[in-house]
Amino acid sequence: MAMLATFWIVLLVALNAPAGNGQSVQTDPSKSGFVGDTVELRCVFINGKPPVKISQVTWQKLINGTKQNVATANPDLGVSVLPPFKDRVSFKHPAVRQRSPSLEDTTIAFSNLRLSDEAAYICEYTTFPAGNRENMVNLTVFARPVTKMTLTSPTIVARTPKRKMPVATCMSANGKPPSVIKWDTTLKGEATFQETRNPNGTVTVRSNYIVLPSRETHRQKLTCIVTYRAEQFTDSVILNVQYEPEVKIEGFDGNWYLNRQDVKLTCNADANPAVTVYQWKLLNGSLPNNIEIKNNTLFFKGPVTYEFGGTYVCDATNSIGTRSGLVEVNVTEFPNSLPFDGREIPLEEHNSGAVIGGAVGGVALLVAAIALLVFFLRRRQRTFKGDYSTKKHVFGNGYSKAGGMTAHPPMPKNLQYPDDSDDEKKPAQISGPGGFEGGDRDFDGNSEDLKRPYFTVDEGESRDYDERTLAFQYDPEPEIADDMVSQTDGSVISKKEWYV
């Protein structure tokens, strides 16, 4: 293989090298054209000094190493074009076709190019006495593709369950070289590509665009962009997707109150094709008697009553299917408050206001409860909440709130009881430090002071004490200090013992 490649290189160099004595054949290295076009293959003989005689010029097609004659020009015999090039190949200059032709420029014109014309062409000069001189030109034939875009199906239906399907096809057929296809659209989809090589050497490129048919894809634009060499072709289609009705009931604004006039409900349906039948019904009941149905609208005659409340359902039907919409109508006794511009508050706006108002009211109620609790706590701290254990009697021995004993005169250290006492003992006076002296003061067993026990006794309680009652002697009744408050039961309460 390497030796064969080297041979062809040497041959091409030899063909393009100037001949001896300055003779040479000049051609273009390559030429190209599209199928059906006309292309010229230049061939010019450069004579030397001394000039040589041109005996004949022959154009040959080189295919797989084999030469095929295309056209011949002879000064004596004239011009000859061989089939299958007879009707499409001619020598450009008329001088070649004259009786005494001039063969220095033997450029030929190829018309109505075919893909089969693509090959290498050799322009060969036969001279005397220099011999043969030749050169070669490569001809490339391009095929401009045929581009078209179509809907995959004339009717695209969005069915349930939903599934993806090709909706449009873009094709660039019989191109050489092959084209490049791209899609331009706002639709969310995917593209598939397929290349097919044809027997004549061309390539057909096919691309499908796949989407999920739905109401949203209806009337969307799809654009196919085909790029072929430096050229660009565009084509577009508008999708026509058929789908079931999308139903929405309008007319209830959340403010239907008693005696309101001129209310209605309208069943709006987006469908392709259009809705042909509308049907109204009241869920779990029958429609009120004072209702008039016109096309897709329910007209409520007369003032609003509680009978108007309920769940209204609208069924919309087209050739694809039937879909329903519903609305819950609530009738109130009084109208909702209107905003400042006088319009009726929509249901959503009304509900939002109710939520905000409820939140503010809850916060205000919580603050009021906290303030009331603080008020009562402070009032309780400033008010005496004790019982009689906090009272001090002027007479007798009582306990203070703190539980400490009040100051009393010193008690006798020893008490002597007579031996003849069985149940209760009467203490005898024993002289000594802190005891009662017999001569100090007269002892009166019937004294009221002695009838007061050591502990606090309410004045309302009546009790008698006999001579065996413990005979403790108390100091005379002290005066009530300024910081003491007199009570109705004869006791006093110290202001210092009040709760702060």
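Everything here concerns the structure above.
First things first, this report covers the structure right here in the doc. These figures come from a predicted structure and were not determined experimentally.

A few points about unusual backbone geometry
- Omega for the bond connecting proline 83 with proline 84 falls within 30 degrees of zero, at 5°, which places this linkage in the cis form.
- For proline 84, the location among the structural elements is in the loop between strand E7 (78-81) and strand E8 (89-91).
- A cis amide bond links phenylalanine 128 with the next residue in sequence, proline 129, at an omega value of 10°.
- Tracing the backbone through its elements, the reader meets proline 129 in the loop between strand E10 (119-128) and strand E11 (131-142).
- Unlike most non-glycine residues, asparagine 259 shows phi in positive territory, near 75°.
- Structurally, asparagine 259 is set in the loop between strand E21 (256-257) and strand E22 (263-272).
- Residue classification places asparagine 259 among the exposed residues on the basis of a relative accessible area of 58%.

Re the nonpolar core
- In this structure, Leu41, Trp59, Phe110, Tyr121 and Tyr125 are the most contacted members of the largest nonpolar core, which totals 28 residues.
- Only strand E3 (39-41), strand E4 (43-46), strand E5 (53-63), strand E6 (66-74), E8, strand E9 (108-110), E10 and E11 provide two or more residues apiece to this core.
- With four residues, E10 is the single largest residue contributor to this core.
- One finds Phe252, Trp280, Phe308 and Val329 within the second-largest nonpolar core, a separate group that totals 22 residues.

Observations concerning the sheet that holds strand E19 (residues 231-238)
- With respect to topology, three strands assemble into an open sheet ordered E15-E18-E19, the strand pairing being antiparallel. Where the open sheet ends on each side, the last strands, each with one partner, are strand E15 (180-184) and E19. Taken pair by pair, the neighbouring strands of this sheet meet at an average axis angle of 20°, ignoring direction.
- Where E15 and strand E18 (residues 221-228) come together, five bridges link them in antiparallel fashion. Opposite lysine 182, over in E18, you have isoleucine 225 as the bridge partner.

Some thoughts on the state of the cysteines
- Evaluated as defined, the whole model comprises three disulfides.
- For cysteine 170, the disulfide goes to cysteine 224, at an S-S distance of 1.6 Å. On the S-S bond that ties cysteine 170 to cysteine 224, the torsion sits near -65°, and the link is left-handed. In this pair, cysteine 170 is assigned in strand E14 (residues 165-175) and cysteine 224 in strand E18, connecting sequence segments 54 residues apart.
- Using a relative accessible area of 0% as the deciding quantity, one classes cysteine 170 as buried.
- By relative accessible area, which is 1% here, cysteine 224 ends up buried.
- Covalent S-S linkage joins cysteine 267 and cysteine 314, the inter-sulfur distance amounting to 2.0 Å. Looking down the S-S bond of the cysteine 267 and cysteine 314 bridge, the torsion is -90°, so its handedness is left-handed. Of this pair, cysteine 267 sits in strand E22 while cysteine 314 sits in strand E26 (residues 310-317), placing them 47 residues apart in sequence. Both residues of the pair, cysteine 267 and cysteine 314, count as buried.
- Here the bonded cysteines of the protein chain are numbered in sequence order, and their pairing is 1-2, 3-4, 5-6.

So, how was this worked out
Residues numbered from 1 in each chain as written. Predicted model: local features only at pLDDT ≥ 70, side-chain atom pairs only at ≥ 80, totals over all residues. Heavy atoms only, no water. Helix = DSSP H or I, 4+ residues; strand = E, 2+ residues; numbered from the N terminus. Buried < 20%, exposed > 50% of the residue type's maximum accessible area, 1.4 Å probe, protein only. Core = buried A, V, L, I, M, F, W, Y, C linked by side-chain atoms within 4.5 Å. Pairing = 2+ DSSP bridges. Axes fitted to C-alpha atoms, helices over the stretch in contact; angles between N-to-C directions. Disulfide = S-S within 2.5 Å.

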